[in-house]
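A look at the structure
Residue strings, one per chain:
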Amino acid sequence: MEVSNMTTVTVFVLLGLSNNPQVQALLFVLFLAIYLLTLLGNLLMVLVISTDSHLHTPMYFFLRHLSFLDAFYSSIIVPKLLENLLSKEKTISFLECFTQISLVIFSGATEACLLSVMAYDRFQAVCHPLLYVVVMNRRVCAGLVGSSWAIGIGTGLINTLLLAQQHFCGPNIIRSFACELPPVLLLTCSNPCTSIASILTTMSVLGLGTLVLLLGSYSCIITTALRINSATGRNKIFSTCSSHFLMVTIFYTSGVLRYMIPASGSALEQVLSVQYSVITPLLNPLIYSLKNQEVKVALGRMLARKSRLPL
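For clarity, every value in this text was computed on a predicted model and none was experimentally measured.

Moving on to helix α2 (residues 58-86). With 29 residues, α2 extends 43 Å between its outermost C-alpha atoms, agreeing within 8% with the 42 Å of an ideal straight helix rising 1.5 Å per residue. Where α2 bends most, at Ser75, the angle is about 30°, and the proline Pro79 comes one to four residues later.

This is the structure in structure tokens:
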């Protein structure tokens, strides 16, 4: 299916994860189950946080946006993956591919910003508890979330528009299960220096910049927690922040490595792509709900209200 004599590529071919029909059938069932659980978990988090007044705090305001973003992010990748697992012609149009690239970059950049915002929120709550309500007021929270979405949109558009300026004349085979910037860059027939410089700048400024903010916030949180004489107080702080720190570790380890490692179509790249685009959106609601007593109590209240409704 490789097209080497075309002057302009109009479709790409996604190699996917396997060519074995039996393996593809098993993967289809697995990824369909993961996708449905991801949507259920994240949208349930959005519903619980939106309907329970006890969770109308800055931390859960940010978590609601993160859960919605994870459901959206998973919907960018998994439906096309499921379609290709059942299809013999694993093609994706030029426009669809570049739309997917743009949305993947947008989602990743927005999530990185939201995770930093959530770390800053925890920093204010732990290190400046008396000023927390004043500093993290509704306007500030809305501004931080709005800025995160705006940065994500801008980052996705800039990198995708620069990539679209490249000339694609063949081959048209993408060694991945989704359109992502690194493997698509390998197919360009023109000089990709501009796109490479753009994505490296994005990773340096946005990726490392948000990581520095995260590490700085958690360094201050840990230092403050260690100064507390009460073991109960320390445990409460670490318990509150551990879920967020775990998700930060998973997201940055897989996402940053995926875009920093030179694209080659290796198995490691596929594993990293599956990790941050399929597994991470599933883990977020599980970790935040199972490790968060407030969320579990709120979910119980919501289910109790539903059971009391007249049939």
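Bringing the packing of helix α3 (residues 94-127) against helix α5 (residues 138-164) into the picture now. In contact at an axis separation of 7 Å, α3 and α5 are set at 150° when each is read in the N-to-C sense. By the angle between their directions, the pair α3 and α5 is classed as roughly antiparallel. The hand of the α3/α5 crossing is right-handed. Looking at the contact of α3 with α5, its residues break down into 17 nonpolar, eight polar and no charged.

In the structure shown here, the tally under the stated rule is two disulfides. One disulfide in the model links Cys169 with Cys189; its S-S distance is 2.0 Å. The disulfide joining Cys169 to Cys189 has a torsion of about -105° about its S-S bond and is therefore left-handed. Residue Cys169 is found in the loop between α5 and β3 (173-174), and its partner Cys189 is found in the loop between α6 (181-185) and α7 (193-227); the two are separated by 20 residues along the sequence.

What counts, and where the lines are drawn
Residues numbered from 1 in each chain as written. Predicted model: local features only at pLDDT ≥ 70, side-chain atom pairs only at ≥ 80, totals over all residues. Heavy atoms only, no water. Helix = DSSP H or I, 4+ residues; strand = E, 2+ residues; numbered from the N terminus. Expected span 1.5 Å × (residues − 1). Bend = angle between axes of the 7 residues up to and from the residue. Axes fitted to C-alpha atoms, helices over the stretch in contact; angles between N-to-C directions. Parallel < 35°, antiparallel > 145°, perpendicular 65-115°, else oblique. Left-handed = near helix turned anticlockwise from the far one by under 90°. Nonpolar A, V, L, I, M, F, W, Y, C, P; charged D, E, K, R; others polar. Disulfide = S-S within 2.5 Å.

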